[in-house]
Structures are given as C-alpha cells and as structure tokens.
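# Notes for the structure review
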Amino acid sequence: MKKELFKQLPKVDEIIKIPEIIELSKNIDYFNFTEGIRDGIDHFRQGIARGIITELHLKDVVETIKNIIEKKSQMNLRNVINATGTLVHTNLGRSLISEKAAKNVVDVITSYNNLEYNLEEGIRGSRYDHIEKLICTVTGAEAAVLTNNNAAAVMLALNEFAKDGEAVVSRGELVEIGGSFRVPDIMKISGTKLVEVGTTNRTHSKDYKEAISENTSMLLKIHTSNYKIVGFTKEVTNNELAEIGRENNVLTMEDLGSGVLVDFGKYGLKKEPTVQESIASGIDLITFSGDKLLGGPQAGIIVGKKKYIDRLKKNQLLRALRVSKMALAALEPTLRYYLNEREAIEKIPTLKMILEDTVKVKERAAKLLEILQKNNVKCRLVETEATIGGGSMPGETINSYGVGIEGNPVELEREFRSGTPHIVGIIRNNQFILDAKAVKDSEIHPVANRAVDIIKNK
Ligand SMILES: *Cc1c(COP(=O)(O)O)cnc(C)c1O
C-alpha cells in the first residue's frame, strides 16, 4: 500500500511543467522555487511513511506546493499591522517615515548621488555636509555629526573624550535600553571608567563636584527613557550640570535618547525635555536617536559645540559607525518638516499619531467593530491606554480605543500574528485586543477581513 503511494508521488520535473506552478516561478528566485517543490513532495512522502496520508491526488500536492512557494516568495523582513497601542515600538521597527522621506530614499539610492562629492568644486565631499546646517537650524546647535544610531553616538563620544578616563554618572541614570544597551557595558566597551554618584533616587550637585578629579573626562547625564523614579527624588538639571562642567573645566554630555524637537506640553501631553532646551542649557554635547520621537530613520545624531564635533568627525571609529546614505536621504526631508512645526506634526507619522485626537481613534475602532459585528464576530469596543514607547514618557499613557475579541486570548494573539497580513495585538485582562491607535485608516479593512477569516475557521 505505502509502496504504491510512494510510486505515485510526482517528481520535481513533472511538477515543474504544471502551468499553475510555472506561474508561481515568476515571483521567486529559482533556488527557493525548486526547494519549495521538493519541500512539498517531501511533506507527502513523510505523510505516507507515517501512515497519515493514505491516498494521493495530484491536485493536493500542487495546492500544498503552491502554498509553500507563496510563503517562500515573501521577504523575511515584511510589514505587520501594529495593533499594540505602542506607537514607537522597537520590535516593530520604531518610527514610520513619511511618504516624502520614503520617496526621497528611493530616488537617492536608485541613482548615483553626491553622497561624498562636492558638486561645486568637483572634489571629494563629506556625507555630513548635506544635513549639518539643517540640524543646527532646527536644534539651535553650533555643529552636528551623525552615526548609525544613538548607541553608536554615545560610544563614539566616550571613545573620543573619555577613553582611559572617567565618566561621572548619577546612580539614578544607569539605564538599560532593550536590546542590550546598558550604560555600564557601553562604558566598558569604550574604555571608560564609570564613576557612579548619588543614590538611586537622589543625586545632588555636590555629588558630581566631589567626584571630579584629575582623571575625570566627562560628566554624563542620561535620559531615563524607559523608567521613572518617583517619590523622594532629586536630580541635577542639565543647566546645573553644564555649570559644574564649566566651573571645573570638564566636558559635559547628555544622552537624550529620544530626541524630541517639539514641546509636547503645548499639546496637552506630558512635557519631554527637548533637544533645543538641552542645547540652551549649555551642555557641550547631546546625543539622540533618529527613529524615536524625531520620527525619522535609524540614525544617531550628535549636536553641540563645534570644537568637540570637529574632533568627533576626525575619530577613526566614526568610519565604522557611520550613517548610511538611506538614512541621510530619509532624514533630510524629515528634518525639513521641523522648519515649520505645524507641518512637522501633520506630516511626520509618529508625531501625527501621538497627537491624533482620541475621537478619531475611537471612530477607527468603531468602524472595525461595525464590520466585525456585521460578520457575526463576537467583540466589543474597549477603552485602552496607548503608550508612546521608544524610550519616552515612561508611565504616561494616551487614551485610546480598541476592539476586544471574544475567545481564547492566547490562541487569538498567535493566529493574528502568524497569518497574513500579520497583525500584532495585545492581551489585557485575559482578552485579546486590537488597539486602533497605531492602525492606519487603510489597514482597517485588511484587519477586519483577517479577523473574520480567523473566527470563521474556528
Ligand atoms: C534609545 C536610547 C539609546 C539607544 O538609541 P538607539 O538609537 O536605539 O541606538 C541610548 N540611550 C537612551 C537614553 C535611549 O533612550
């Protein structure tokens, strides 16, 4: 019996001639195409061997192979729908860049460009020149340089200014950012000795002053991006730290993490310290990310006094940590939006979503609810709490709405996540929820269709 079935199994050369299969070869490389066919045949071979498959139809084999090839033709790095309610979600790619920025990336990288070429003089140019002035205009800094990300920016600055020296940091600011950015470890890698001052909850000016010795290279302030110390607390402000640095002739630096350029306080949210304020405080160097609240591509931005930035530009490590042309191409249009704040909050997706009226979010959730209920999916509208994420406003939430779906939440979470389109939701109070805050208008129908499919197949 099994022997007979094995004999009936089609060969690769036979499958490859079937028109439906030929059609599929157009969207995939030959390697994955033939591997898909072999995997499909193998699936049936194993099924027969185990006695699970007791009859064989060519159309089933073709169907299975079609599914395998279709899966293989998708890129591994692909789109997901963010129904988590966390806007700058590091696992889901952080900030979305604007249409204009995305278009500029495509334009720049599908053609030769002046990345490191000075078109006026016909000589070698610097990749940093395209954007330095713009960064200075929007932040108020004297000078700027870019790296691959903020972790690289911090490492570069420590390497240049505090290698074999000491950097003084408050015990309340020894942060760990997800994905292994831990301040003590970064110090080690950079060859800097970490000198901790103060206590977890309280650090005073005198703590920094007393720690300063001839070995001190830097006073470093780090934004506590993802946690909050509450209660009986005291921290030294960047203004105070800059002054201590000046008085003692020690360089000061602030790792701002997120890089906020608009004052969220004005829009009714919790105020986050802005880059402009850090510059105004007199701190010598400030580092921040391009893809957190700035709403641009992955990049590290270092702003500050020209004499220090000039030294960073000459550091050999910068070559290894340098910003990509794709990031530069996305960053320039993003930063240009900041020349007019109104435009920035309308056109930069991260800012737009953060500031979007809750009424609009509720409408989106209600639209999804309506479609689902029409299709007999048991669900209800729920109030949720969205978070900004990306290391800003820890503990703060934004009122939001979502749709809670009836059923085993763990199973639902897995099913929404694994099928296409991939939809990542959340589980709260033992309920699976699709939070509408970070879901685009154009994604409501795809989410609804997928949800209906999942529930129907139960
Ligand atoms: C996020 C963050 C970093 C790391 O920035 P990346 O751009 O992810 O490398 C470093 N420091 C602080 C305080 C942060 O919030």
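Every residue gets a number counted from 1 within its own chain, in the order that chain's sequence is written. Reporting of local features is limited, given that this is a predicted model, to residues whose pLDDT is at least 70; pairs of side-chain atoms are given and counted only at 80 or more, and all residues count toward the totals for whole chains, interfaces and linings. No hydrogens and no water enter the side-chain calculation; it runs on all heavy atoms of the structure.

### A short note on helix α20 (residues 444–456)
- Comment: elements are numbered from the N terminus, with helices defined as DSSP H or I runs of at least four residues and strands as E runs of at least two. Take the number of residues in a helix, subtract one, and multiply by 1.5 Å to get its expected span. Its 13 residues place the ends of α20 18 Å apart at the C-alpha level, agreeing with the 18 Å of an ideal helix rising 1.5 Å per residue.
- The buried label applies to any residue whose accessible area, calculated with a 1.4 Å probe on protein chains only, is under 20% of its type's maximum; exposed applies above 50%, and partly exposed to all values in between. Within the span of α20, buried status applies to I444, V447, A448, R450, A451, V452 and I454.
- What makes two residues a contact is simply this: any of their non-hydrogen atoms within 4.5 Å. Looking at the buried residues of α20, the elements they touch are β1 (80–82), α18 (358–374), α19 (409–418), β16 (422–424) and β18 (431–435).

### Some points on the site of the ligand
- For each residue, the test is whether any non-hydrogen atom lies within 4 Å of the molecule or strand; if one does, the residue is near. Taken together, 13 residues sit near the ligand, with A151, S225, D255, S289 and K292 positioned nearest.
- Polar contacts, as counted here, are pairs of nitrogen or oxygen atoms within 3.5 Å of one another; within protein the pair requires one atom able to donate a hydrogen and one able to accept it, and residues that are adjacent in sequence qualify only if both atoms are side-chain atoms. Contact between the ligand and D255: a nitrogen atom at 2.6 Å from a side-chain N or O atom of the residue.
- A distance of 2.7 Å is found between an oxygen atom of the ligand and a side-chain nitrogen or oxygen belonging to K292.
- Each accessible area is a Shrake-Rupley result for a 1.4 Å probe, and residues are judged covered by the shown protein chains and nothing else. Burial of the ligand by the protein chains amounts to 95% of its free accessible area of 380 Å².
- Those elements giving two or more residues to the shell around the ligand turn out to be α8 (150–162) and β11 (251–257).

### Some points on the sheet that holds β18
- Two strands make a pair as long as DSSP finds a minimum of two bridges between them. The strand order β2-β14-β15-β18-β17 describes an open sheet built from five strands, whose pairing is mixed. Each of the sheet's edge strands pairs with one partner strand only, and the pair in question is β2 (86–88) and β17 (426–428). With direction set aside, neighbouring strand axes in the sheet form an average angle of 45°.
- Relative to β18, strand β15 (residues 398–405) is paired through four bridges, and the arrangement is antiparallel. Each bridged residue has a counterpart across the sheet, and for V403 the counterpart in β18 is L434.
- To get an axis, a line is fitted to the C-alpha atoms, and for a helix only the part in contact is used. The angle between two axes follows their N-to-C directions and goes from 0 to 180 degrees. Sitting on the sheet, α18 is in contact with β14 (379–389), β15 and β18, with an inclination near 5° to β15.

### A look at the sheet that holds strand β13 (residues 300–304)
- Taken in spatial order, the seven strands make up an open sheet running β5-β13-β12-β11-β10-β6-β9, and their pairing is mixed. Single-partner strands in this sheet number two, and they are β5 (143–147) and β9 (193–197). Sheet twist, expressed as the mean angle between neighbouring strand axes with direction ignored, is 25°.
- Direction of pairing for strand β6 (residues 166–170) relative to strand β10 (residues 216–222): parallel, over a ladder of three bridges. Residue pairing in the sheet places V168 in a bridge with L219 of β10.
- Those strands touched by helix α7 (residues 129–139) are β5 and β13, and its axis lies near 115° from that of β5.

### A closer look at the domain arrangement of the protein chain
- Boundary definitions for the domains trace back to an automatic or database domain assignment. Here the protein chain is described as being made up of domain 1 (2–73), domain 2 (80–91 + 353–456) and domain 3 (99–347).
- The gap between the C-alpha centroids of domain 2 and domain 3 is 33 Å.
- Taken together, the contact pairs eleven residues of domain 2 with 16 residues of domain 3.
- The junction of domain 2 with domain 3 conceals about 1,200 Å² of combined surface from both sides, 73% of it contributed by carbon and sulfur atoms.
- Summed over both partners, buried area is the accessible surface (1.4 Å probe) that two parts give up on being assembled. When the area that domain 2 buries against domain 3 is broken down by residue, the three leading residues are L355, M393 and P394, summing to 48%.
- Any Lys or Arg side-chain nitrogen located within 4 Å of an Asp or Glu carboxyl oxygen qualifies as a salt bridge. There are one salt bridge connecting domain 2 and domain 3.
- Put simply, K228 and E396 hold a salt bridge, and the shortest N to O gap is 3.6 Å.
- Taken together, the connections running from domain 2 to domain 3 amount to zero residue pairs in polar contact (both at pLDDT 80 or more).

### Some points on the nonpolar core
- Nine residue types can take part in a nonpolar core, namely buried Ala, Val, Leu, Ile, Met, Phe, Trp, Tyr and Cys, and a core is a set of them joined through side-chain atoms within 4.5 Å. In terms of nonpolar packing, the biggest core is built from 87 residues, with V303, L335 and Y338 touching the most fellow members.
- The element contributing the most residues to this core is α8, with nine residues.
- A domain split of this core shows at least three residues from each of domain 2 (80–91 + 353–456) and domain 3 (99–347).
- Among all residues touching V303, those that are not within four sequence positions of it are I135, T139, A141, A143, A144, V275, I279, D284, L285, I286, F288 and I309.
- Ranked by size, the runner-up nonpolar core spans 22 residues in total, among them L369, V403, L412 and F416.

### So, the packing of aromatic side chains
- Pairing of aromatic side chains here covers Phe, Tyr and the six-membered ring of Trp, requires ring centres within 6.5 Å, and sorts the geometry by plane angle: under 30 degrees stacked, over 60 edge-to-face, intermediate tilted. Summed over the entire model, instances satisfying the criterion amount to three aromatic pairs.
- Relative to F33, the ring of Y30 has its centre 6.3 Å away and its plane inclined at 45°; by these criteria the two rings are tilted. Taken together, the residues Y30 and F33, both in helix α4 (residues 30–49) and three residues apart, mark about one turn of the helix.
- For Y30, a relative accessible area of 58% gives the class exposed.

### Observations regarding the packing of α7 against helix α15 (residues 325–337)
- Where α7 meets α15, the axes come as close as 10 Å, and the angle between the chain directions of the two elements is 30°. Taken together, the axes of α7 and α15 are roughly parallel relative to one another. Helix-helix and strand crossings are classified by hand; for α7 and α15 the assignment is left-handed. Residue-level inspection shows H130, I131, L134, I135 and V138 of α7 in contact with α15, the latter providing L328, L331, E332, L335 and R336.
- Split into classes, the residues belonging to the contact of α7 with α15 amount to seven nonpolar, one polar and two charged. In this scheme, roughly parallel covers angles under 35 degrees and roughly antiparallel covers those over 145, while 65 to 115 is roughly perpendicular and the rest are oblique. What makes a crossing left-handed is the near helix being turned counterclockwise from the far one by less than a right angle; a clockwise turn instead makes it right-handed. Amino acids outside the nonpolar list (Ala, Val, Leu, Ile, Met, Phe, Trp, Tyr, Cys, Pro) and the charged list (Asp, Glu, Lys, Arg) are all regarded as polar, and Gly is one of them.

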